[in-house]
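Analysis of the macromolecular model
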Amino acid sequence: NALEISREILISPIAMVPKALQVYEMQKYFYRTSELLEVRYGPLLTNGERVDMLNHISKEAFTKDQLSISPPVVFQQRALPAESCAFKFAQNWVQKLHEQALLAKCQYPNECEPYVLESRSSVVSCVGDMQESTPFFGRKPQSFNGMMGFAEFLYVLADNTFLSREGSFV
């Protein structure tokens, strides 16, 4: 276990504690150990003394099998909306959100589609049957750990204003 730094640096002593400290505990620790923080001019040991104390550290290069760099991947399963929920609490919550949405967005002078007015699942819904065969964001579903879903690199969704697949925007 070693920390290799290619330049000389001046840092405070690093202390590892097994729990998060309150501010007063950190101040108490600081004042108790402040003599360790004195500024030192020049090396504590001469170059000759440092050479005599050197420990040889061997390095081994990474092989292809040991190194793996991968960007974050988002895996999402898609489900069809369900008209009813398994639990009464969820059913009531969906109903309440639908009513609030209608009051906020579908009152004069605004107008909503008949589907939005009639279907509670147009706003929010409980999970229905899994949707495994329809492409989503231009991707076909794929298997991951025995589950079917849609995988995408996170940066594709987070860092792009527009997403184009097969010549059209999705």
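For the structure, see preceding data.
Okay, so let's go over this structure. All of these numbers come straight from a predicted model, not from anything done at the bench. (Residues numbered from 1 in each chain as written. Predicted model: local features only at pLDDT ≥ 70, side-chain atom pairs only at ≥ 80, totals over all residues. Heavy atoms only, no water.)

What follows is about the overall build of the protein. Check the secondary structure of the protein and you find five helices and seven strands. Helices and strands appear in the protein in the N-to-C order α-α-β-β-α-α-β-β-β-α-β-β. Residues counted as buried form 12% of the 170 residues belonging to the protein. Here the contacts in the protein between residues at least 6 apart in sequence split such that 61% fall between residues at least 24 apart. When the accessible area of the protein is evaluated, it comes to approximately 15,600 Å², of which 56% is carbon and sulfur surface. (Helix = DSSP H or I, 4+ residues; strand = E, 2+ residues; numbered from the N terminus. Buried < 20%, exposed > 50% of the residue type's maximum accessible area, 1.4 Å probe, protein only. Contact = heavy atoms within 4.5 Å. Areas by Shrake-Rupley, 256 points an atom, 1.4 Å probe, with all protein chains shown as cover.)

In a regular helix each residue adds 1.5 Å, so 18 residues correspond to 26 Å; helix α3 (residues 88–105) covers 26 Å between its end C-alpha atoms and thus fits that length. Looking at α3, one finds that the buried residues are A90, Q91, V94, H98 and L102. Along the axis of α3, the buried positions cluster into a sector of 110°, meaning they face one direction only. Seen from the open side of α3, the exposed residues pointing more than 90 degrees away from its buried face are K88, F89, K96, L103 and A104. Against α4 (114–118) and β3 (126–130) lie the buried residues of α3. (Expected span 1.5 Å × (residues − 1). Arc of directions from axis to C-beta.)

Before going further, it helps to spend a moment on the sheet that holds strand β4 (residues 142–144). Pairing is antiparallel across the open sheet formed by three strands, whose spatial order is β1-β5-β4. The open sheet has two free edges, formed respectively by β1 (73–76) and β4, since each of these has just one partner strand. The sheet shows a mean angle of 55° between the axes of neighbouring strands, taken without regard to direction. The pairing of β1 with strand β5 (residues 147–153) spans four bridges and is antiparallel. What sits directly across from F75, in β5, is A151. (Pairing = 2+ DSSP bridges. Axes fitted to C-alpha atoms, helices over the stretch in contact; angles between N-to-C directions.)

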